Amino acid sequence: EVVIVDDGSTDNSGEVAQSYARRAPSVRYLRQDNAGLGAARNRGVEQATGRYLAFLDSDDLFTPHGLTALLELAEEHSAQVAVGDMEAFPPRPSPRWRREIVVGPRVLSSLADAPELVGNPSACNKVFRRDFVADSGVTFTEGTAFEDVLFTLPLLLRAPTVALTPELVYRYPQRGDESSIMSTRGSPTKIFQHLDVVEGLMRELDVASDGVRAAVHRWVAYMQMHYAWRASGALDDGQLAEFTSRMAALFE
């Protein structure tokens with residue numbers, strides 16, 4: 001099953017998608033006014049009927065056997081979430097979370113067993129049991145950047161079984177211009193959106209184990225120090241006062 005959500009495209013990509021939907025019964029095309037990535041994904045989840053959910057963003061690629069590998073891994077281990085490797089093209093320095101992936105196949109009963117995986121909140125190199133997602137009640141954050149964090153990480157925190165594979169399953173382009181969503185993460189809006197999301201993530205830790213809590217705290221501290229550096233040059237005095245007050249409370 002392929003659910004294509006056209007989030008208000010202004011080129012001919014909608015026509016291309018509709019042509020596939022007319023030819024293939026397993027492909028469905030949905031059009032909506034532009035509402036952002038989180039809203040588009042949430043609509044796709046609402047329409048999906050399969051046993052698993054996977055997410056492919058525009059311009060990105062599943063590797064030829066990547067999705068099959070994740071589905072087989074989830075089935076073999078009755079895992080609620082299966083995770084594979086992902087890479088940018090052209091390549092960039094390897095992130096710390098890949099240490100948890102490249103060591104070989106593993107099955108986790110707690111995120112504390114692979115703490116660096118917290119640093120990989122992307123939904124795109126994973127498959128999720130649809131009934132697990134529905135029962136958890138999590139959705140993508142709408143109207144903001146960093147929409148993956150409060151979807152993927154709560155599911156990783158709550159899943160009784162998470163299966164990992166070192167197989168490369170997903171590739172995404174790194175553009176050198178300012179056209180990508182992440183290229184503007186040093187703007188005041190993005191700085192505060194990230195802080196909002198991180199504060200929401202911390203509320204997920206009320207019933208977490210000490211090991212899981214420590215893993216999330218390390219990632220939050222690491223990320224917020226990066227955003228503090230951005231904030232020092234991007235925010236005015238009033239914004240900086242709010243940011244530092246909220247970050248101090250977060251760190252405490």
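Further up the page is the structure itself.
It should be emphasised that the depicted structure is a prediction, and the values quoted were computed from it without experimental measurement.

Trainee: Sorry if this is basic, but what is going on with the overall build of the chain here?
Mentor: On a plain count of helices and strands, the chain comes out with 9 helices and 8 strands. In terms of C-alpha radius of gyration, the chain reaches 19 Å, essentially the compact-globule figure of 18 Å for 252 residues. Along the first, second and third principal axes, the C-alpha set of the chain runs to 55 × 45 × 35 Å. Evaluated residue by residue, the chain yields a buried proportion of 42% over its 252 residues. Relative to all contacts within the chain whose residues are 6 or more apart in sequence, the contacts with residues 24 or more apart total 73%.

Trainee: Before we go on, may I ask you to explain the packing of helix H7 (residues 188–202) against helix H9 (residues 237–251) in this structure?
Mentor: Geometry of a packed helix pair, given as the angle between the helix axes and the separation of the axes. At their nearest, the axes of H7 and H9 sit 11 Å apart, and the two run at 20° to each other. Here H9 runs roughly parallel to H7, going by the angle between their axes. H7 and H9 meet at a crossing whose hand is left-handed. Along the contact surface, H7 presents Pro188, Ile191, Phe192, Leu195, Asp196, Val198, Glu199 and Met202, while H9 presents Gln239, Glu242, Phe243, Arg246 and Leu250. When grouped by side-chain class, the residues that make up the contact of H7 with H9 number 8 nonpolar, 1 polar and 4 charged.

Trainee: Just to check I follow, could you spell out the pattern of salt bridges for this structure?
Mentor: On inspection of all chains with the given rule, the structure shows 16 salt bridges. Between arginine 28 and glutamate 1 there is a salt bridge; the shortest N-O distance is 2.8 Å. With a gap of 27 residues between them, arginine 28 in strand S2 (residues 27–32) and glutamate 1 in the segment before strand S1 (2–7) connect regions that are remote in the sequence. A residue is classified by how much of its surface remains accessible, and arginine 28, at 28% relative accessible area, is partly exposed.

Trainee: Looking at this structure, how should I read the nonpolar core?
Mentor: Note that soluble globular proteins tend to have their nonpolar side chains buried in a common cluster. Phe55, Phe151 and Phe243 are the most contacted members of the largest nonpolar core, which has 64 residues in total. For this core, the leading source of residues is helix H8 (residues 210–234), giving 8 residues. Apart from the residues lying within four places of it in its own chain, the contact partners of phenylalanine 243 are Ile191, Phe192, Leu195, Gln224, Tyr227, Ala228, Ala231 and Leu235.

Trainee: I'm lost on the pairing of S1 in this one. Help?
Mentor: On any regular strand, side chains alternate: one points to one face of the sheet, the next to the other face. Sheet topology places S1 next to S2; 6 bridges connect them, and they run parallel. Note on S2: the bridge partner recorded for aspartate 7 is glutamine 32. Once you follow S1 into helix H1 (residues 13–23) and on to S2, the crossover reads as right-handed.

Trainee: In this structure, what is going on with the packing of helix H6 (residues 149–158) against H7? I would like to understand it.
Mentor: It is at 10 Å that the axes of H6 and H7 come closest, and there the two elements cross at 20°. The angle between the axes of H6 and H7 places the two elements in the roughly parallel class. Like other packed secondary-structure pairs, H6 and H7 cross with a definite hand, here right-handed. Every residue of H7 that contacts H6 at Val149, Leu150, Leu153 and Leu157 is listed here: Val197, Gly200 and Leu201. Among the residues forming the contact of H6 with H7, the class breakdown is 6 nonpolar, 1 polar and no charged.

Trainee: Is there a simple way to think about H8 in this case?
Mentor: For an α-helix, the turn length of 3.6 residues means that residues three or four places apart are oriented alike. Here H8 contains 25 residues, and its C-alpha end-to-end distance of 35 Å stays within 8% of the 36 Å for a straight helix at 1.5 Å per residue. Along H8, the positions that sit buried rather than exposed are Val212, Ala215, Val216, Trp219, Val220, Met223, Gln224, Tyr227, Arg230 and Ala231. The secondary structure elements touched by the buried residues of H8 are H6, H7 and H9.

Trainee: I keep staring at unusual backbone geometry and nothing clicks. Help me out?
Mentor: Excluding glycine, residues mostly have negative phi values, and the peptide bonds linking residues are mostly trans. Proline 90 follows phenylalanine 89 through a cis peptide bond whose omega is -5°. Looking at the secondary structure, you find proline 90 in the loop between strand S5 (81–89) and helix H4 (99–102). Of note, serine 78 is a non-glycine position whose phi angle comes to about 50°, a positive value. Its identity is not glycine, yet phenylalanine 146 carries a phi of approximately 60°, on the positive side. Position of phenylalanine 146 among the secondary structure elements: in the loop between helix H5 (130–136) and H6. Residue class for phenylalanine 146 comes out buried when judged on its relative accessible area of 10%.

Rules and cut-offs
Residues numbered from 1 in each chain as written. Predicted model: local features only at pLDDT ≥ 70, side-chain atom pairs only at ≥ 80, totals over all residues. Heavy atoms only, no water. Helix = DSSP H or I, 4+ residues; strand = E, 2+ residues; numbered from the N terminus. Rg over C-alpha atoms; globule rule 2.2 N^0.38 Å. Buried < 20%, exposed > 50% of the residue type's maximum accessible area, 1.4 Å probe, protein only. Contact = heavy atoms within 4.5 Å. Axes fitted to C-alpha atoms, helices over the stretch in contact; angles between N-to-C directions. Parallel < 35°, antiparallel > 145°, perpendicular 65-115°, else oblique. Left-handed = near helix turned anticlockwise from the far one by under 90°. Nonpolar A, V, L, I, M, F, W, Y, C, P; charged D, E, K, R; others polar. Salt bridge = Lys/Arg side-chain N within 4 Å of Asp/Glu carboxyl O. Core = buried A, V, L, I, M, F, W, Y, C linked by side-chain atoms within 4.5 Å. Pairing = 2+ DSSP bridges. Right-handed = clockwise from strand over helix to strand, strands pointing away. Expected span 1.5 Å × (residues − 1).

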